[in-house]
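Observations on chain architecture
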Amino acid sequence: MQRELSKVYDPKAVESRIYEMWEEGGYFHAEREDGKKPFTIVMPPPNVTGQLHMGHAMDATLQDTLIRFKRMQGYNALWIPGVDHAGIATQIKVEEELRKEGKTRYDLGREKFLEKVWDWKHRYGNRIVEQQKKLGASCDWDRARFTMDDGCSKAVREVFVSLYEKGLIYKGNRIINWCPHCVTALSDAEVEYVDKPGHLWHIRYPLTDGSGEVVVATTRPETMLGDSGVCVNPADERYKDIVGKTVALPLVNKQIPIVADDYAEMEFGTGCVKMTPAHDPNDFEVGKRHNLEVIRVLDDNGRVNALGGKYQGLDRYEARKQIVADLEAGGYLVRVEDYSHSVGTCYRCHNDVEPIISDQWFVKMKPLAEEAIRVVKDGQTKFVPERFSKTYLNWMENVRDWCISRQLWWGHQIPAWTCADCGHITVSREDACKCEKCGSTRIQRDPDVLDTWFSSALWPFETLGWPEKTEDLDYFYPTDVLVTGYDIIFFWVARMIFSGCEHTGKTPFHTVLIHGLVRDDKGRKMSKSLGNGIDPLDMIDRYGCDALRMNMITGNSPGNDMRFYVERCEAMRNFANKLWNASRYVMMNLPEDGENRLPDRDKLEIADKWVLSKLNTLIAEATENLEKYELGIAVQKIYDFIWDTYCDWYIELTKARLYSEDPERKKTALQVLVYVLDQVLRLLHPFMPFITEEIWQSLPHDGPALIRASWPVYRQELAFREEEAHMESVMNAIRAIRNRRAEMNVPPSKKASLYVLTAKPEVFREGADFVERLAYADSVTVLENAPENLDGMLSCATSDAKLYIPMGQLVDAAKELERIDKELEKARKNLASLEGKLSNEKFVSRAPEAVVNAEREKARKAQDLIAGLEQSRAEFQKLL
RNA sequence: GGACGAUUAGCUCAGCUGGUAGAGCAUCCGCUUGACGUGCGGAAGGUCGCAGGUUCGAGUCCUACAUCGUCCACCA
């Protein structure tokens, strides 16, 4: 920063240079260091296919702020970055590329296709990393990981095999969620339920003995092709006699039994339910109890299969239309009513998922959930805000087995080999070449891959070397804080916790800091389809990274959504500029051999003590807020201190000395200016890393970079309570005068004399220069007695001073009197309420002493103010 | 059906362990005050969703309700 620097801060000229400096200095890198406490954060790995969005910006800003804070506090701070292979998302992306060449993945075959994906990964996988750097992220890039690198693959293999050996992974035919568009199974968490308008079709199923019929209702008539029964409630009098009989399934020409099961609710519809065990989880359960046939009628693409007779090959919705038409033609359709119900959709492609029976791999969750519940209940892992632990526990306590196999090619292939001879499945840490049971070499590896979240669940420890017993793992694990949005608590946080507990014996982090969604200015979710997304990089380009980061943190509290206002970026850009110019002011006056050292105590003047004392309070409070993850509150206080306390007051208070000819006083002021600026840059650095580093580099400083400088600490010897109060008295007087002058429309250029009547004459004599400069006085006289003649005087009062300004014709005594009366009324009301409180015996006896004393002090000040006003009133009265 | 969140100045939101309300933006008035007009000084604007309760004292704690929103479960 040069003295002749521009009046406007230009982030573009600073950010990339500073970031390079940090990288070259190795300041992001952390190594084990005995005796130094580690502080570790693992970054939620963005998808390789990802484009930086506001969610990432929020995530990264919070984490970077925390890690920079801890680094400055002296922790060995490690922030591990990485990228997720994102199974479905990435595969879809590459398949789309292929489609442009008119090819599918099947044209290439598995091996060639995977080569292509790796290619793609190598080409674009770094884009998101480069974008994160633009956010100022101080991650240890040397430790960057990919969920499909060798280490992670090894970890995944180990986890799969060990869970299998413990009986916690099994393969079986269950009803799972199937996405016919992505052509894969999904876990429960990957299904989003959406209320959609539909119909309830009432269909007549005739009894085969000709004695009548039952009417069933369904929202998915096409599934009737797979019906293998009708269910009624055993207590239902209406159907007592037909239980055990059979009905003729229309269109299919087949007899199916009527069974009695509690599952059928008598009140709903006709009380008869058609049973499709292959396409409905409840029906599947009922079917198991009553030995109903399981007939799967949809293929992997959601088309009717060979068991669907004449409907074979029709898409599920096409088949629905056709079947309804045929039922109607055959006289089977009783009626159709509008019916809105929730439909499961795929969280990736948003097409309807089908519940389908399928042979898949599952993780048995109940035993794993136990410990994951305990660590949260015991407080070993805490959610911030606390309420999310309830969300978590509720999910964990009701969790169902996790379907982990995906019918994709891109991902960790399941390490299981099926023997063609004996059917045994060999699950192995090493690639198997023969059946472990019969020794046959005719084995084939399971073609499926694992759910992407299966590998991200291991992220906190696989990135530190697990399953090896590395020193890094020993030192940096368990990690400290995990930062993420509430939308992935189930997908990721929950799974990391039970995985950590199971495989490392430790919960992976002690705190989960949850943030909300960044919405658009109308409160809508930002999305590609709405086109309402705001590009973080665009904001950085226009307002600077620091401004964007501040936008993410100010006025926002953990766990709550926030609306993104470009105006807020602008405001924060202005703040950056303010700080820039304040620094320019300090710099312009800096002697060449300047150093950052506080002057001797006896040289400090009242304003210096005031600002140092205020700074001390700020340090204590902001640190405490940060420790409690109250980032928004902390930054607000720092912001206010810089703008209000430092710029608007302290800098103004130093001007007289800075422009004076007294080198001693000038030096003292400058030293304090530099000291406070340095401290405040440190406090602000975690939030606005670029501008603070840039300025700090130009100030006299110790050490190579602010990023590695120490966090300010409270210094008892710099707490000046008395001087602080005295300075505030003078400031209150200045404010009161400014206020009066503004009311009277007196321009600053019109200076006036000022007379002060006060019980603290020495304070106002010391502060006379300030009053002159900041309250536009050409002279300040501290009076012994009230002025005799108030003709043409403006007056105003604070709790410890009465102020008189001769303003000649501008002043109308009658109006002055009127104004004093108004103020008196206000002051008396205030006093009355205070006295009411103080005369309440219960208040005095029960409220804490400090509170009572504070009220007494307020009352005393109110009395002083009233006395002053009354006196003025009497004096003005004389003029009339 | 269950859980949770929100309801505070015109707008968007802060407000930690209870002590008579704050910011940013917007509005109004004034200002070429030697760092900054991306600025300075000043003003106006709120019975903190509604009704009870606890307490000396409630935006803050408890109960019920209303409106909006989110998540989970169920849905023939």
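Structure's up top.
Quick summary incoming for the structure in this document. For every chain, the first residue of its written sequence is number 1, and the numbers climb from 1 along that sequence. The lettering of chains begins at A and the numbering of ligands begins at 1, in the order of writing. For a predicted model such as this one, the threshold for reporting local features is a pLDDT of at least 70, and the threshold for listing and counting side-chain atom pairs is 80 or more; totals across whole chains, interfaces and linings nevertheless cover every residue. The basis for the side-chain values is all heavy atoms of the structure; hydrogens and waters are excluded.

With respect to the protein's contact with RNA strand B
Neighbouring residues of RNA strand B: 65 residues in total, closest L200, N282, S342, Y659 and R846. Near the protein, meaning within 4 Å, the atoms of RNA strand B are sugar or phosphate in a fraction of 63%, with bases accounting for the rest. With respect to RNA strand B, the backbone of G555 contributes an N or O atom lying 2.5 Å from a sugar or linking oxygen. Definition of a polar contact: a pair of N or O atoms within 3.5 Å, with one able to donate and the other able to accept a hydrogen when the atoms are protein atoms, and with sequence-neighbouring residues admitted only if both atoms are side-chain atoms. Here a sugar or linking oxygen of RNA strand B and a side-chain polar atom of N840 are 3.0 Å apart. Helix and strand assignments come from DSSP, with helices taken as H or I runs of at least 4 residues and strands as E runs of at least 2, each series counted from the N terminus. Going through the elements one at a time, β8 (213-218), β13 (333-346), α18 (566-588), α20 (631-658), α23 (721-743), α26 (813-839), α27 (841-846) and α28 (849-879) are the ones with two or more residues in the surface near RNA strand B. It is α18 that provides the largest number of residues to the surface near RNA strand B, a total of 10 residues. Residue classes follow a fixed rule: Ala, Val, Leu, Ile, Met, Phe, Trp, Tyr, Cys and Pro count as nonpolar, while Asp, Glu, Lys and Arg count as charged, and any other residue, Gly among them, counts as polar. Looking at side-chain class alone, the surface near RNA strand B contains 27 nonpolar, 18 polar and 20 charged residues. Any residue with at least one heavy atom within 4 Å of a molecule or strand is counted as near it.

Side note on the packing of α20 against helix α21 (residues 663-684)
Helix packing for two helices is described by the angle between their axes and how far apart those axes are. Between α20 and α21, whose axes approach to 10 Å, the crossing angle comes to 170°. The pairing of α20 with α21 is recorded here as roughly antiparallel in orientation. Only R665, K666, T668, A669, L670, V672, L673, V676, L677, V680, L683 and L684 of α21 make contact with α20, whose side of the interface consists of I638, F641, I642, Y646, Y650, I651, T654, R657 and L658. Split by residue class, the contact of α20 with α21 holds 16 nonpolar, 2 polar and 3 charged. Interaxial angles span 0 to 180 degrees and are taken between N-to-C directions of axes, which are lines fitted to C-alpha atoms, for helices over the stretch in contact. The scheme is simple: roughly parallel for angles under 35 degrees, roughly antiparallel for over 145, roughly perpendicular for 65 to 115, oblique for anything else. Residue contacts are counted whenever heavy atoms from the two residues lie within 4.5 Å of one another.

Re the sheet that holds strand β20 (residues 443-445)
The criterion for strand pairing is that DSSP finds at least two bridges linking the strands in question. One open sheet holds the 3 strands; their spatial order is β19-β18-β20, and the pairing between them is antiparallel. Single-partner strands in this sheet number two, and they are β19 (425-427) and β20. Neighbour to neighbour, the strand axes of the sheet diverge by 25° on average, direction disregarded. In the sheet, strand β18 (residues 416-419) pairs with β19 via 3 bridges, with the strands oriented antiparallel.

Quick look at the packing of aromatic side chains
In this analysis, rings of Phe, Tyr and Trp, with Trp reduced to its six-membered ring, are considered paired at centre separations within 6.5 Å, and the interplanar angle assigns stacked below 30 degrees, edge-to-face beyond 60, and tilted for intermediate values. Evaluated as defined, the whole model comprises 30 aromatic pairs. The interplanar angle of 10° and the centroid separation of 6.1 Å between the aromatic rings of F388 and Y486 together place this pair among those described as stacked. Residue F388 is located in helix α11 (residues 388-397), and its partner Y486 is located in the loop between β22 (479-485) and α15 (489-504); the two are separated by 98 residues in the primary sequence. Overall, F388 belongs to the buried group, its relative accessible area being 8%. A ring has a charge above it when a Lys NZ or an Arg CZ is no more than 6 Å from the ring centre and no more than 35 degrees off the ring normal. One residue, R105, lies across the ring of W409, its end atom 4.6 Å from the ring centre. Just above the ring of Y347 sits the side chain of R348; from NZ or CZ to the centre is 4.7 Å. Type-normalised accessible area, obtained with a 1.4 Å probe on protein chains alone, sets the label of each residue: buried when under 20%, exposed when over 50%, and partly exposed for intermediate values.

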